[in-house]
Each structure stands twice: as C-alpha cells, then as structure tokens.
Protein chains: 2
Amino acid sequence: MIGVVATIRIQDGKAEEFEAVFRTLTAAVRANEPGNICYQLTKSKTEANTYKVLELYADADALKAHGGSDHFKAAGHGIGACLAGRPEIEYLDGVA
Amino acid sequence: MIGVVATIRIQDGKAEEFEAVFRTLTAAVRANEPGNICYQLTKSKTEANTYKVLELYADADALKAHGGSDHFKAAGHGIGACLAGRPEIEYLDGVA
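Residues numbered from 1 in each chain as written. Chains lettered and ligands numbered in written order. Predicted model: local features only at pLDDT ≥ 70, side-chain atom pairs only at ≥ 80, totals over all residues. Heavy atoms only, no water.

(A) Quick look at the interface of chain B and chain A. The interface is formed by 25 residues belonging to chain B together with 25 residues belonging to chain A. Summed over both partners, the interface of chain B with chain A comes to about 2,100 Å²; 63% of that surface belongs to carbon and sulfur atoms. Put simply, chain B and chain A have four salt bridges between them. Between Glu90 of chain B and Lys52 of chain A there is a salt bridge, with its nearest N and O atoms 3.0 Å apart. Applying the counting criterion to the chain B and chain A interface returns twelve residue pairs in polar contact (both at pLDDT 80 or more). Contributions of two or more residues to the side of chain B that touches chain A are made by strand E1 (2-9), helix H1 (15-32), strand E2 (36-44), strand E3 (50-57) and strand E4 (88-94) of chain B. Considering every element that reaches the side of chain B that touches chain A, the biggest residue donor is E2 of chain B, with six residues. Broken down by class, the residue content of the side of chain B that touches chain A amounts to twelve nonpolar, five polar and eight charged. Pairing geometry for strand E2 (residues 36-44) of chain A and E4 of chain B, over three bridges, is antiparallel. (Contact = heavy atoms within 4.5 Å. Buried area = accessible area lost by both parts, 1.4 Å probe. Salt bridge = Lys/Arg side-chain N within 4 Å of Asp/Glu carboxyl O. Polar contact = N/O pair within 3.5 Å; in protein donor to acceptor, adjacent residues only side chain to side chain. Helix = DSSP H or I, 4+ residues; strand = E, 2+ residues; numbered from the N terminus. Nonpolar A, V, L, I, M, F, W, Y, C, P; charged D, E, K, R; others polar. Pairing = 2+ DSSP bridges.)

As structure tokens, then:
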C-alpha cells in the first residue's frame, strides 16, 4: 500500500472555487479508481488557506492510474487557478 | 468528518515491535469502530524511524470513541515502550 499526504495552499478568497473543483475530482476518484482506498480533502485548523489530501492506494500501479486518469488531468486547470504555490506531496509506505 | 495525521518517531531497533503492536491495534479499530473510516499506519520514505498514521472519523463522537476505546488504551503501553519522543497529532477538518 502507498500513502500520500498532499498539502495544498490556495489564494485568499478561492476556497469555494477550490472545494467545488475538488468535490468533482473526489467523486470521480471514488467512482473510477478501484485501486484507490481513501481520498479525502481536509482543511488545516491552524494554517489559513491550507488543505491536506489524505490518500491511500493499493499499490504503485493504482497511484500511477490516479495520476494518469482523465479526471485528475481535467481537475488540473481548476485547481491550478486557485493555488498559492506548488503543492507538497509526501509519499509514504503502507505498513501492513 | 475529522482527519488525523499522527506522526510517531520510534527508537532505533524497535520497528518490528512497534509494527506488531500497531497491527493488533489497527485490526481492533477496523473491527470495533463503526465511526472510523480510515486507519492506516504508514512509514516515512525520508525520515528514519518515523511513521504517520492516516485516520478519518465520521465525526467528533467517533474520534472520542477511538481515544476512549479499550483497544486504544491497551496498545498504549506497547507503543509507549517504542517511542523516541511525544507523537505529533494534527487534527484536520474534513471537507465534503
């Protein structure tokens, strides 16, 4: 299993737009990626305009399928328009 | 929904012991906590002896039930014996 914690910082005033794009993406991930086990957007309680996506994939192929999916690519423009900087992606090894 | 990322640093040479205790805890969480949506131990790829637990709960009651559960308390001693410092617990607001 592979874990991902993606930290995303957005511009002031873009929360509603960002969350709407992410809502569509999340629904598509859950509906179309059998190798995705968890995909949840969360918001920091301490840092303004900062989100963390908690993600789990069955294996490297599942993670690759996520990154290469049409729905992930389709969300890129909408998410990109909200960003305040480059997302930080931390990859983690699942421990059985 | 509530998200948690718990960062746990353990002592050198304690990985096997720590992972065994956590394996038992994880099985009990998944079997006994209907309000727990995700509970997965992962290991850092970049920091030695460092683990992150990715957790999702339906609501505050579910998180409270986790912390107050017999299985969580029972794992405390075994986990505590492995720690290299105080765990860092980050609480996050789930975004629907």
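(B) Representation of the relation of the copies chain B and chain A. If you rotate chain B by 180 degrees and push it 0.0 Å along the axis, it lands on chain A with an RMSD of 0.0 Å. In symmetry terms, the pair is related by a two-fold rotation axis. When you check the interface residues of chain B against chain A, 100% turn up at the interface there too, and the contact is symmetric in its surfaces. (Least-squares fit on C-alpha atoms with pLDDT ≥ 70 in both.)

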